[in-house]
Amino acid sequence: AFRHADVPHGPRESPETNAMTRIISIVLAAVAAGFMASAAAAADVKSLFTPEVFKALAMQESGGEKNPDQAVGDNGRSLGRYQIQKGYWTDACRQNPSLAKRGFEAVKDPRYAEEVIIAYAELYAPKGATLEDVIRNHNGGPKGYCRTGTLRYWGEVSHKIEKIKKKKGVKQ
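All of the points below concern the structure found in this document. (Residues numbered from 1 in each chain as written. Predicted model: local features only at pLDDT ≥ 70, side-chain atom pairs only at ≥ 80, totals over all residues. Heavy atoms only, no water.)

## As for the overall build of the protein
Inference 1: The helix and strand tally for the protein stands at 6 helices and 3 strands.
Inference 2: Helices and strands in the protein line up, N terminus first, as α-α-β-β-β-α-α-α-α.
Inference 3: Taking all 172 residues of the protein together, the buried fraction comes to 35%.
Inference 4: Summarising the internal contacts of the protein: among those between residues at least 6 apart in sequence, 47% fall at separations of at least 24.
Inference 5: Summed over all atoms, the accessible surface of the protein reaches about 11,100 Å², with 56% contributed by carbon and sulfur. (Helix = DSSP H or I, 4+ residues; strand = E, 2+ residues; numbered from the N terminus. Buried < 20%, exposed > 50% of the residue type's maximum accessible area, 1.4 Å probe, protein only. Contact = heavy atoms within 4.5 Å. Areas by Shrake-Rupley, 256 points an atom, 1.4 Å probe, with all protein chains shown as cover.)

## Focus: the pattern of salt bridges
Inference 1: Counted according to the given criterion, the structure contains 7 salt bridges.
Inference 2: Between Glu52 and Lys168 there is a salt bridge whose closest N-O contact spans 3.1 Å. Within this pair, whereas Glu52 is found in helix α2 (residues 51-62), its partner Lys168 is found in helix α6 (residues 151-168), the two being separated by 116 residues in sequence.
Inference 3: By relative accessible area, which is 55% here, Lys168 ends up exposed.
Inference 4: In this structure, Arg152 and Glu156 form a salt bridge, with 3.0 Å as the shortest nitrogen-oxygen distance. Of this pair, Arg152 and Glu156 both sit in helix α6, 4 residues apart, roughly one helical turn. (Salt bridge = Lys/Arg side-chain N within 4 Å of Asp/Glu carboxyl O.)

## As for the nonpolar core
Grouped burial of nonpolar side chains is what soluble globular proteins tend to show.
Inference 1: In this structure, Phe49, Ile84, Val116 and Ile135 are the most contacted members of the largest nonpolar core, which totals 37 residues.
Inference 2: Among the elements that line this core, the one with the most residues is helix α4 (residues 110-124), at 9 residues.
Inference 3: Contacts of Ile135, omitting those with residues within four sequence positions, involve Phe49, Val53, Leu57, Tyr153, Trp154 and Val157. (Core = buried A, V, L, I, M, F, W, Y, C linked by side-chain atoms within 4.5 Å.)

## As for the packing of aromatic side chains
Inference 1: A full pass over the atoms with the stated rule returns 5 aromatic pairs.
Inference 2: Aromatic pair Phe54 and Tyr82: ring centres 5.8 Å apart, planes at 65 degrees, arrangement edge-to-face. Of the two residues, Phe54 sits in helix α2 while Tyr82 sits in the loop between β2 (78-79) and β3 (84-85), which places them 28 residues apart along the sequence. Assigned by exposure class, Phe54 and Tyr82 land together as buried.
Inference 3: Each ring, one from Tyr88 and one from Tyr120, has its centre 3.8 Å from the other, and the planes form 10 degrees; the classification is stacked. Of the two residues, Tyr88 is situated in helix α3 (residues 86-95) and Tyr120 in helix α4; the sequence distance between them amounts to 32 residues. (Phe/Tyr/Trp six-rings, centres within 6.5 Å; stacked < 30°, edge-to-face > 60°.)

## Let's talk about the packing of helix α5 (residues 131-140) against α6
Helix packing geometry: the angle between the two helix axes and the distance between the axes.
Inference 1: The interhelical angle for the contact between α5 and α6, taken along N-to-C directions, is 120 degrees, at an axis separation of 9 Å. Taken together, the axis directions place α5 and α6 in an arrangement best described as oblique. α6 is crossed by α5, and the crossing has right-handed handedness. In this structure, α5 uses Leu131, Glu132, Ile135, Arg136, His138 and Asn139 to contact α6, whose residues at the interface are Leu151, Tyr153, Trp154, Val157 and Ile161.
Inference 2: Here the contact of α5 with α6 is built from residues that sort into 7 nonpolar, 2 polar and 2 charged. (Axes fitted to C-alpha atoms, helices over the stretch in contact; angles between N-to-C directions. Parallel < 35°, antiparallel > 145°, perpendicular 65-115°, else oblique. Left-handed = near helix turned anticlockwise from the far one by under 90°. Nonpolar A, V, L, I, M, F, W, Y, C, P; charged D, E, K, R; others polar.)

## As for unusual backbone geometry
Inference 1: Positioned with a positive phi, Asn75 is a non-glycine residue whose angle comes to about 55 degrees.
Inference 2: Overall, Asn75 belongs to the exposed group, its relative accessible area being 77%.
Inference 3: One non-glycine residue, Gln83, lies in the positive phi region at around 50 degrees.
Inference 4: Structurally, the position occupied by Gln83 is in the loop between β2 and β3.

## Considerations on the side chain of Arg136
Inference 1: Within the secondary structure layout, Arg136 lies in helix α5.
Inference 2: Among the polar contacts made by the side chain of Arg136, one reaches the side chain of Thr150 at a distance of 2.7 Å.
Inference 3: Sequence-distant contacts of Arg136, defined by excluding residues within four places in its chain, comprise Gly141, Gly144, Tyr145, Cys146, Arg147, Thr148, Thr150, Leu151 and Trp154. (Polar contact = N/O pair within 3.5 Å; in protein donor to acceptor, adjacent residues only side chain to side chain.)

On their own, these measurements won't tell you what the molecule is for.
Quick look at the structure:
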(Lines give C-alpha, C1' and ligand atoms only; values in the text may rest on other atoms or scores of the structure.)
Protein backbone atom coordinates (compact mmCIF):
# COMPACT_ATOMS: atom_id res chain seq x y z
CA ALA A 1 0.00 0.00 0.00
CA PHE A 2 1.12 3.57 -0.77
CA ARG A 3 2.03 5.72 2.20
CA HIS A 4 2.54 9.47 1.82
CA ALA A 5 5.43 9.41 4.30
CA ASP A 6 7.44 7.18 1.90
CA VAL A 7 7.63 9.95 -0.72
CA PRO A 8 10.75 12.12 -0.41
CA HIS A 9 9.96 15.84 -0.09
CA GLY A 10 13.40 17.30 -0.68
CA PRO A 11 16.47 17.49 1.51
CA ARG A 12 15.89 17.29 5.22
CA GLU A 13 17.25 20.15 7.30
CA SER A 14 19.51 19.46 10.23
CA PRO A 15 18.33 20.41 13.74
CA GLU A 16 20.93 23.21 13.71
CA THR A 17 19.47 24.66 10.50
CA ASN A 18 15.93 24.47 11.89
CA ALA A 19 17.05 26.30 15.06
CA MET A 20 18.85 28.98 13.05
CA THR A 21 15.77 29.46 10.85
CA ARG A 22 13.61 29.93 13.94
CA ILE A 23 16.09 32.43 15.44
CA ILE A 24 16.23 34.43 12.20
CA SER A 25 12.42 34.47 12.03
CA ILE A 26 12.17 35.72 15.61
CA VAL A 27 14.78 38.44 15.03
CA LEU A 28 13.06 39.62 11.82
CA ALA A 29 9.69 39.72 13.57
CA ALA A 30 11.19 41.76 16.42
CA VAL A 31 12.82 44.20 13.99
CA ALA A 32 9.55 44.61 12.08
CA ALA A 33 7.66 45.19 15.33
CA GLY A 34 10.23 47.81 16.34
CA PHE A 35 9.81 49.66 13.05
CA MET A 36 6.04 49.58 13.40
CA ALA A 37 6.22 50.83 17.00
CA SER A 38 8.64 53.57 15.95
CA ALA A 39 6.34 54.68 13.14
CA ALA A 40 3.36 54.69 15.51
CA ALA A 41 5.30 56.74 18.09
CA ALA A 42 6.32 59.22 15.39
CA ALA A 43 2.69 59.58 14.32
CA ASP A 44 1.70 60.20 17.95
CA VAL A 45 4.36 62.90 18.36
CA LYS A 46 3.34 64.60 15.12
CA SER A 47 -0.27 64.77 16.32
CA LEU A 48 0.82 66.89 19.31
CA PHE A 49 1.70 69.78 16.99
CA THR A 50 -1.51 71.66 16.25
CA PRO A 51 -1.67 75.09 14.57
CA GLU A 52 -2.20 76.59 18.04
CA VAL A 53 1.00 74.96 19.32
CA PHE A 54 3.04 76.32 16.42
CA LYS A 55 1.54 79.78 16.85
CA ALA A 56 2.38 79.76 20.57
CA LEU A 57 5.94 78.57 19.87
CA ALA A 58 6.43 81.34 17.33
CA MET A 59 5.08 83.93 19.79
CA GLN A 60 7.44 82.65 22.46
CA GLU A 61 10.52 82.55 20.25
CA SER A 62 10.11 85.65 18.07
CA GLY A 63 6.89 87.38 19.08
CA GLY A 64 8.41 90.83 19.24
CA GLU A 65 9.88 90.80 15.74
CA LYS A 66 8.33 92.83 12.91
CA ASN A 67 9.20 90.03 10.48
CA PRO A 68 9.54 86.88 12.60
CA ASP A 69 10.56 84.70 9.66
CA GLN A 70 13.72 86.80 9.32
CA ALA A 71 14.44 86.82 13.06
CA VAL A 72 18.03 86.14 14.07
CA GLY A 73 18.87 85.45 17.70
CA ASP A 74 21.54 84.08 20.01
CA ASN A 75 24.31 86.10 18.31
CA GLY A 76 23.33 84.80 14.87
CA ARG A 77 23.00 81.13 15.88
CA SER A 78 19.17 80.95 15.83
CA LEU A 79 17.04 81.65 12.77
CA GLY A 80 13.40 82.21 11.91
CA ARG A 81 10.20 82.50 13.89
CA TYR A 82 11.02 79.32 15.83
CA GLN A 83 14.67 80.30 16.51
CA ILE A 84 16.16 77.04 15.26
CA GLN A 85 19.90 76.49 15.63
CA LYS A 86 22.08 74.51 13.23
CA GLY A 87 22.67 71.61 15.65
CA TYR A 88 18.91 71.23 16.15
CA TRP A 89 18.41 71.26 12.37
CA THR A 90 21.20 68.69 11.89
CA ASP A 91 19.55 66.36 14.40
CA ALA A 92 16.18 66.77 12.68
CA CYS A 93 17.83 65.89 9.36
CA ARG A 94 19.11 62.64 10.90
CA GLN A 95 15.50 61.75 11.71
CA ASN A 96 14.19 62.91 8.31
CA PRO A 97 17.06 63.02 5.78
CA SER A 98 14.88 64.67 3.11
CA LEU A 99 15.02 67.86 5.18
CA ALA A 100 18.73 68.29 4.41
CA LYS A 101 18.01 69.05 0.74
CA ARG A 102 16.98 72.62 1.50
CA GLY A 103 19.82 73.58 3.83
CA PHE A 104 19.84 75.22 7.24
CA GLU A 105 18.84 78.71 6.03
CA ALA A 106 15.47 77.25 4.98
CA VAL A 107 14.38 77.26 8.64
CA LYS A 108 13.30 80.85 7.92
CA ASP A 109 10.39 79.31 5.98
CA PRO A 110 7.77 78.59 8.67
CA ARG A 111 6.29 75.47 7.01
CA TYR A 112 9.72 73.94 6.53
CA ALA A 113 10.71 74.90 10.09
CA GLU A 114 7.60 73.11 11.39
CA GLU A 115 8.73 69.93 9.62
CA VAL A 116 12.14 70.35 11.28
CA ILE A 117 10.51 70.77 14.70
CA ILE A 118 8.41 67.63 14.21
CA ALA A 119 11.43 65.58 13.08
CA TYR A 120 13.44 66.78 16.09
CA ALA A 121 10.55 65.92 18.39
CA GLU A 122 10.23 62.45 16.85
CA LEU A 123 13.95 61.86 17.35
CA TYR A 124 14.12 62.86 21.01
CA ALA A 125 10.63 62.40 22.44
CA PRO A 126 10.53 59.93 25.32
CA LYS A 127 8.19 56.97 25.06
CA GLY A 128 4.62 58.17 25.63
CA ALA A 129 5.70 61.79 25.12
CA THR A 130 3.38 64.63 26.02
CA LEU A 131 3.20 68.08 24.51
CA GLU A 132 5.09 69.33 27.55
CA ASP A 133 7.93 66.88 26.85
CA VAL A 134 8.40 67.92 23.22
CA ILE A 135 8.11 71.66 23.95
CA ARG A 136 10.66 71.38 26.74
CA ASN A 137 12.98 69.47 24.38
CA HIS A 138 12.55 72.22 21.79
CA ASN A 139 13.85 74.66 24.38
CA GLY A 140 16.38 72.56 26.26
CA GLY A 141 17.71 69.97 23.84
CA PRO A 142 17.37 66.18 23.65
CA LYS A 143 16.74 65.72 27.38
CA GLY A 144 15.08 69.11 27.89
CA TYR A 145 11.99 67.40 29.29
CA CYS A 146 14.16 66.34 32.28
CA ARG A 147 15.71 69.76 32.92
CA THR A 148 14.09 72.00 35.51
CA GLY A 149 15.36 74.99 33.52
CA THR A 150 12.76 74.29 30.83
CA LEU A 151 9.76 74.35 33.17
CA ARG A 152 9.32 78.12 32.94
CA TYR A 153 9.52 77.97 29.13
CA TRP A 154 6.83 75.27 29.08
CA GLY A 155 4.65 77.33 31.42
CA GLU A 156 4.90 80.36 29.14
CA VAL A 157 4.19 78.38 25.96
CA SER A 158 1.31 76.42 27.50
CA HIS A 159 -0.23 79.70 28.71
CA LYS A 160 0.01 81.08 25.16
CA ILE A 161 -1.60 77.92 23.76
CA GLU A 162 -4.53 78.28 26.16
CA LYS A 163 -5.00 81.96 25.26
CA ILE A 164 -4.95 81.14 21.54
CA LYS A 165 -7.49 78.35 22.01
CA LYS A 166 -9.80 80.56 24.06
CA LYS A 167 -9.59 83.34 21.50
CA LYS A 168 -10.39 80.88 18.69
CA GLY A 169 -13.06 79.08 20.69
CA VAL A 170 -11.23 75.74 20.43
CA LYS A 171 -12.50 73.13 22.89
CA GLN A 172 -9.92 71.81 25.35
